[in-house]
2 protein chains.
Amino acid sequence: MYNKITIDILNLFKQVIDSNRLLVDTNQLADYAHDETEDFHFFPEAVALPESPDEIAALIKICHTHRIPVTPRGAGTGLSGGSLAVHGGLMIGMERMNQILEIDEQNLQATVEPGVITEVLMQAVAEKGLLYPVDPASKGSCFIGGNISYGSGGPRVVKYGTIREYILNLQVVLPNGEIIWTGANTLKYASGYNLTQLFIGAEGTLGIICKAVVKLIPKPAENLLLFASFRSNELACEAVSAIFRKGIVPSALEFMERKGVAWVIEHEHLTFNLMPEAEAFLLIEVDGNQLDELMRVCEQINDTLEHYHCLDVLFAESASQKESLWHLRRIMGVSVKSKAIYKEEDTVVPRAALPTLIRGIKDIGQRYGFESVCYGHAGDGNLHVNILKGEMSADDWNNRLKEGIRELFELTIKLGGTISGEHGIGLVQREYMPLKYTPLHLELMQGIKKVFDPHQILNPGKIF
Amino acid sequence: MYNKITIDILNLFKQVIDSNRLLVDTNQLADYAHDETEDFHFFPEAVALPESPDEIAALIKICHTHRIPVTPRGAGTGLSGGSLAVHGGLMIGMERMNQILEIDEQNLQATVEPGVITEVLMQAVAEKGLLYPVDPASKGSCFIGGNISYGSGGPRVVKYGTIREYILNLQVVLPNGEIIWTGANTLKYASGYNLTQLFIGAEGTLGIICKAVVKLIPKPAENLLLFASFRSNELACEAVSAIFRKGIVPSALEFMERKGVAWVIEHEHLTFNLMPEAEAFLLIEVDGNQLDELMRVCEQINDTLEHYHCLDVLFAESASQKESLWHLRRIMGVSVKSKAIYKEEDTVVPRAALPTLIRGIKDIGQRYGFESVCYGHAGDGNLHVNILKGEMSADDWNNRLKEGIRELFELTIKLGGTISGEHGIGLVQREYMPLKYTPLHLELMQGIKKVFDPHQILNPGKIF
């Protein structure tokens, strides 16, 4: 179905990109053979590091003509294997296209290249009093292009909405090498099928994003952060819904199981004491322009938490304490990864179904013999389930566990949810797609794929 | 290409829907032959008024088999001719599917049928302290299904985001009669191509929406409303951007030209005095939970407006005065329509380009011999341009004017905008699509259409 990259094809690549930005050495390729998903390794045959949309277009045209698979890659921080070159071929790394091209303070928009690190964009606009609110846990290293391609979320979605609300327009290279802008630089858009929205979450299978126009908003002046301890996962999760029912919309509402927090404390050598009877924790942030108003909201939150037998509420008193608490949450994935062999599932359900989901996860774990560490964006009903290998046999881990994951997703779907909230399908979830979608639904998606990429050269082996 | 509805086909319809909900009488059909777009009339051959997704599916299957065009129709309040049966065939009216099926206060979601009037939904959730914020000017009569299909907006998008942020999941009947749910009832979704987003703004060309799950948010307790008068359109539009640059996000920021306001006063027999030198007006709303905080924001707005030589700021002092000012804005389209033969264009540009856009509109008008009344959602850069026939000859109105509209859209696009912000393409804007899109871009859209509707039975003659 696909061709290999021959010397002749390499020479064609070298006609359109500097040879020092075309990597073929195995040692160099090794850096591009994995992402943050489990321990997968797939080597591309070559890696190109373009510096312009025209270079991408020229490379893609060659691959299109010669049926070479193309895998676009951001920072390689993905958790679904989406940037793995499972069919070999050419990888196109976006790391050189890392410029913030414009911050338009008149229109509250920025135009960026896909290789801009999310936090770099956030800091650049913050200096102008503006907020780009979509901050995945990996914001310090992930690229905005990857965030767009995987519909990445993070803690602030609960108040500010998903990345879909912040991407106004995309410049993309299509699989045949043509370059289009998908939309317009406007807040409203009702001009035919919305290709901007179609590209968000398409995992690089329809085209390669080479510029994005993002919406910015005024940055709230103040925020307050609470860290609350609970006797059980269920009580913590029930408190989450109760906060919203009080009419409060926190700017973040994160859930963490004790084991996750304890492992972070160990991994990071922190001196942070957890109450002995605390089994679960919520990290709750509110933001706005008036501190006295936020204090009032925190009191309301505190009153609400008491109904769920909250053991203790720690009120972050300084910027550094806030930073420490956020670090605790953000480093959790890395800490779990360093401690145990694991698989991470990105479940999402309607918010009030969280207690049922978490009970179900533990029940499935008991039946299949795995422990799990759960944490995530409880305000969105988005729970990251880290399944630990522990004492499981290799056979159970590699084979029987799939049945357990299948049960987990069946539960998620039964509760009104889906199989990924913000990590994408990529390589690792694709076998579970038929749980969520009817054959016709999958055919429609594949039909769209064929419209854009009839030879299926772009990121093959993903989603479907 | 299409077949007519014969007696045999009517009999097939009658096997799946009560004959009293299948209209064929010309007098009855007349009610379904027009929408709010100019003075178009296209008669469907029959109108079905289904009461369930299964009835829709059964009707569509017959039409699919026999190549009968199908035009879905909401309340007929559209402004782009999208619900006109330009190829005859069967119209499917959604007026009987008007139930709010569930308001889920635990998850802040509602499940509705497509024929629910937008304001009915808003009031029902408001009684529970919740807000569904997407309120087009026609909210008192338009249907939520039409809002979704046309990406309808309204004044609150500026703070709360577009309808895309509030539609979580759709049940749709596909052109072959199969029924699917497009997504999940979750705030985050990264599970393959997002068909929910694809259906939003697809103008009923890909499938017929038969249920929607919408996101709700806590309703702010307070709001304040200002009505500001300016010497010129440009000064009013410049003030719009300045408000955002102060870090303020109003919950509505509407622009109105003097002529539009004057016509409303005449049409509605209002006793409302406009300052003689006032040429343009802004209606500015802020909302939140703390009245003192909102008062402070209004003072900031007031200070900002002074820099743009604002003549006067009226502060609405009662609920009834607020309602009167909002009525002034909402009834403007109807008032203009009652007064003059007109065409309405739904321009949208980045917000700071509004002064340039409005100068350009007047300049084009001078060259083509038309006057215009402009008003709209200035906070979104979304300006409705009502072109008045006035003394234009029929030939100029029907033919030469097209060139003027073309120039208007070229300007819009040059400023980073597009040809419709919230009304859709429908019948009347489709000839201007090539101004915005390359041939390849249009081919991609048409390719998507063919994946869903290979026989092109659904709402033919629209968008493309």
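Residues numbered from 1 in each chain as written. Chains lettered and ligands numbered in written order. Predicted model: local features only at pLDDT ≥ 70, side-chain atom pairs only at ≥ 80, totals over all residues. Heavy atoms only, no water.

Per an unreviewed UniProt entry, the recorded name for chain A is FAD-linked oxidase C-terminal domain-containing protein, and the organism is Olivibacter ginsenosidimutans. In UniProt, chain A has this text filed under Cofactor (unreviewed entry): "FAD". (UniProt positions renumbered as here; feature names shortened; annotations may be inferred.)

## What about the overall build of chain A?
The helix and strand tally for chain A stands at 16 helices and 18 strands. Whereas a compact globule of 464 residues would reach a radius of gyration of roughly 23 Å, chain A reaches 22 Å, a difference of no more than 12%. A principal-axis box enclosing the C-alpha atoms of chain A has dimensions of 70 × 60 × 45 Å. Each of the 464 residues in chain A was classed as buried or not, and the buried ones make up 63%. (Helix = DSSP H or I, 4+ residues; strand = E, 2+ residues; numbered from the N terminus. Rg over C-alpha atoms; globule rule 2.2 N^0.38 Å. Buried < 20%, exposed > 50% of the residue type's maximum accessible area, 1.4 Å probe, protein only.)

## A look at the relation of the copies chain A and chain B
Rotating chain A by 180 degrees and moving it 0.0 Å along the rotation axis overlays it on chain B with an RMSD of 0.0 Å. Taken together, the rotation angle and the small translation identify this as a two-fold axis. Of every C-alpha in chain A, the one belonging to A:Ile448 sits nearest the axis of rotation, 2.9 Å from it. An overlap of 100% is found between the interface residues of chain A and their copies at the interface of chain B, pointing to a shared contact surface. (Least-squares fit on C-alpha atoms with pLDDT ≥ 70 in both. Contact = heavy atoms within 4.5 Å.)

## Side note on the packing of helix α8 (residues 233-245) of chain A against helix α13 (residues 354-368) of chain A
All names here are of chain A. It is the contact of α8 with α13, at a shortest axis distance of 8 Å, that shows an interaxial angle of 155 degrees. In terms of their interaxial angle, α8 and α13 are classed as roughly antiparallel. Seen from above, α8 lies across α13 with right-handed handedness. Where α8 approaches α13, its residues Asn233, Glu234, Cys237 and Glu238 are matched on the opposing element by Leu354, Pro355, Ile358, Arg359 and Lys362. (Axes fitted to C-alpha atoms, helices over the stretch in contact; angles between N-to-C directions. Parallel < 35°, antiparallel > 145°, perpendicular 65-115°, else oblique. Left-handed = near helix turned anticlockwise from the far one by under 90°.)

## What to know about the domain arrangement of chain A
All names here are of chain A. Assigned domains of chain A: these are domain 1 (7-95), domain 2 (100-218), domain 3 (222-319) and domain 4 (340-426). Spacing between the C-alpha centres of domain 2 and domain 3 amounts to 30 Å. If you look at the interface, domain 2 gives 5 residues, while domain 3 gives 9 residues. Summing the contributions of domain 2 and of domain 3, the shared interface buries around 570 Å²; its carbon and sulfur component is 50%. (Domains from an automatic or database assignment. Buried area = accessible area lost by both parts, 1.4 Å probe.)

## Quick word on the state of the cysteines
Residues and elements named next belong to chain A. Taken as a whole and assessed by the stated rule, the structure comprises 0 disulfides over all chains. Cysteine 374 provides the cysteine sulfur closest to cysteine 237, a residue in no disulfide bond, and the two sulfurs are 8.8 Å apart. Cysteine 310 takes part in no disulfide bond, and the closest cysteine sulfur, belonging to cysteine 298, lies 13 Å away. Looking at cysteine 310, the relative accessible area reads 18%, which means it is buried. (Disulfide = S-S within 2.5 Å.)

## Some thoughts on the sheet that holds strand β14 (residues 280-288) of chain B
Residue and element names in this part refer to chain B. Strand order across the open sheet formed by 7 strands is β15-β12-β14-β13-β17-β18-β16, with antiparallel pairing between neighbours. For this open sheet the edge positions go to β15 (312-315) and β16 (342-348), each flanked by a neighbour on one side alone. Going across the sheet, the axis of each strand differs from the next one's by a mean of 20 degrees, ignoring polarity. The strands touched by helix α8 (residues 233-245) within the sheet are β12 (222-230), β13 (252-257) and β14, with β13 carrying the most contacts at an inclination of about 175 degrees. (Pairing = 2+ DSSP bridges.)

## A short note on the environment of B:Met256
Residues and elements named next belong to chain B. Following the sequence through the fold, methionine 256 ends up in strand β13. Through-space distance from the C-alpha of methionine 256 to that of alanine 30 is 34 Å; in sequence the pair is 226 residues apart. For methionine 256, the residues in contact, after removing those within four places along its chain, are Phe227, Val261, Ala280, Phe281, Leu283, Arg329, Met332, Cys374 and Tyr375.

## So, the UniProt feature "domain: FAD-binding PCMH-type" (unreviewed entry) in chain A
Mapped onto this structure's residue numbering, the UniProt feature "domain: FAD-binding PCMH-type" (unreviewed entry) falls at residues 40-219 of chain A. The span residues 40-219 of chain A is 21% helix and 23% strand, and its two end C-alpha atoms sit 39 Å from each other.

## What about unusual backbone geometry?
One non-glycine residue, A:Glu38, lies in positive phi territory at about 40 degrees. With respect to the secondary-structure elements, A:Glu38 resides in the loop between α2 (26-30) and β2 (46-48). What makes A:Glu38 partly exposed here is its relative accessible area of 22%. Even without a glycine there, the phi angle at B:Ile463 is positive, about 70 degrees.

## A word on the packing of helix α13 (residues 354-368) of chain B against helix α14 (residues 394-414) of chain B
Residues and elements named next belong to chain B. Packing of α13 against α14 brings their axes to within 10 Å, and their N-to-C directions diverge by 160 degrees. When the axes of α13 and α14 are compared, the pair comes out roughly antiparallel. The handedness of the crossing between α13 and α14 is right-handed. Between α13, through Thr356, Leu357, Gly360, Ile361, Ile364, Arg367 and Tyr368, and α14, the contact on the second element is made entirely by Arg400, Glu403, Gly404, Glu407, Leu408, Leu411 and Thr412. Class assignment for the residues of the contact of α13 with α14 results in 6 nonpolar, 4 polar and 4 charged. (Nonpolar A, V, L, I, M, F, W, Y, C, P; charged D, E, K, R; others polar.)

## Re the interface of chain A and chain B
Chain A puts 85 residues into the contact, and the matching count from chain B is 85 residues. Regarding the contact of chain A and chain B, the summed buried area is about 6,500 Å², with carbon and sulfur atoms giving 60% of it. For the interface between chain A and chain B, the tally reads 4 salt bridges. Among the ionic pairs, A:Asp380 bridges to B:Lys188, the shortest N-O distance being 2.9 Å. Residue assignment for the side of chain A that touches chain B shows that the elements contributing at least two residues are β9 (179-181), α7 (195-199), α8, α10 (291-306), α15 (433-436) and α16 (439-452) of chain A. (Salt bridge = Lys/Arg side-chain N within 4 Å of Asp/Glu carboxyl O.)

## Quick word on the sheet that holds strand β13 (residues 252-257) of chain A
Residue and element names in this part refer to chain A. Here we have 7 strands laid out as an open sheet, ordered β15-β12-β14-β13-β17-β18-β16, and antiparallel in their pairing. In the strand order of this sheet, the two ends are held by β15 (312-315) and β16 (342-348), each with one partner. Ignoring strand direction, the axes of neighbouring strands in this sheet form an average angle of 20 degrees. Bridge analysis of strand β12 (residues 222-230) against strand β14 (residues 280-288) gives 9 bridges, and the strand direction is antiparallel. Opposite glutamate 222, over in β14, you have glycine 288 as the bridge partner.

## Quick word on the pattern of salt bridges
Considering all chains together, one arrives at 50 salt bridges over all chains under this definition. With its nearest N and O atoms 2.9 Å apart, the salt bridge here joins B:Glu422 to A:Lys188. Placement of the pair is B:Glu422 in the loop between α14 and α15 (433-436) and A:Lys188 in the loop between β9 and α7, with the two residues belonging to separate chains. Both residues of the pair, B:Glu422 and A:Lys188, count as buried. It is possible to trace a salt-bridge network through shared partners that takes in A:Arg21, A:Glu51, A:Glu55 and A:Arg96.

## With respect to the packing of aromatic side chains
All names here are of chain A. All told, the structure shown has 14 aromatic pairs over all chains when counted by the stated rule. Pairing phenylalanine 227 with phenylalanine 272 gives two aromatic rings, centres 5.4 Å apart and planes at 80 degrees, and the pair type is edge-to-face. Here phenylalanine 227, found in strand β12, pairs with phenylalanine 272, found in the loop between α9 (258-267) and β14; they are 45 residues apart in sequence, far enough to count as distant. By the ring-pair criterion, three or more aromatic residues cluster together here, those being Phe227, Phe272 and Phe281. The residue whose ring lies beneath lysine 215 is tyrosine 166, and the NZ or CZ to ring-centre distance is 5.4 Å. (Phe/Tyr/Trp six-rings, centres within 6.5 Å; stacked < 30°, edge-to-face > 60°. Lys NZ or Arg CZ within 6 Å of the ring centre and 35° of its normal.)

## Focus on the nonpolar core
In terms of nonpolar packing, the biggest core is built from 192 residues, with A:Tyr132 and B:Tyr132 touching the most fellow members. For B:Tyr132, the residues in contact, after removing those within four places along its chain, are B:Thr118, B:Leu121, B:Met122, B:Val125, B:Ile144, B:Ile163, B:Tyr166, B:Ile167, B:Val214, B:Lys215 and B:Leu216. (Core = buried A, V, L, I, M, F, W, Y, C linked by side-chain atoms within 4.5 Å.)

## Some details on the side chain of A:Ser83
All names here are of chain A. Of note, serine 83 is situated in the loop between β3 (70-73) and β4 (90-93). Of the polar contacts made by the side chain of serine 83, one reaches the side chain of arginine 73; its length is 3.4 Å. What serine 83 contacts, discounting residues up to four positions off in sequence, is Asp35, Thr71, Pro72, Arg73, Gly76, Met91, Tyr150 and Lys462. (Polar contact = N/O pair within 3.5 Å; in protein donor to acceptor, adjacent residues only side chain to side chain.)

## Description of the side chain of A:Asp287
Residues and elements named next belong to chain A. When you line up the elements, aspartate 287 lands in strand β14. A relative accessible area of 13% means that aspartate 287 is categorised as buried. Separated by 2.6 Å, the side chains of aspartate 287 and lysine 159 make a polar contact. Excluding anything up to four places from it in sequence, aspartate 287 contacts Lys159, Tyr160, Pro220, Glu222, Asn223, Ser251 and Leu294.

## Here we look at the pairing of β14(B)
A large share of β14(B) lies buried, amounting to 9 of its 9 residues. The two faces of β14(B) match: B:Ala280, B:Leu282, B:Ile284, B:Val286 and B:Gly288 on one face and B:Phe281, B:Leu283, B:Glu285 and B:Asp287 on the other face are all buried.

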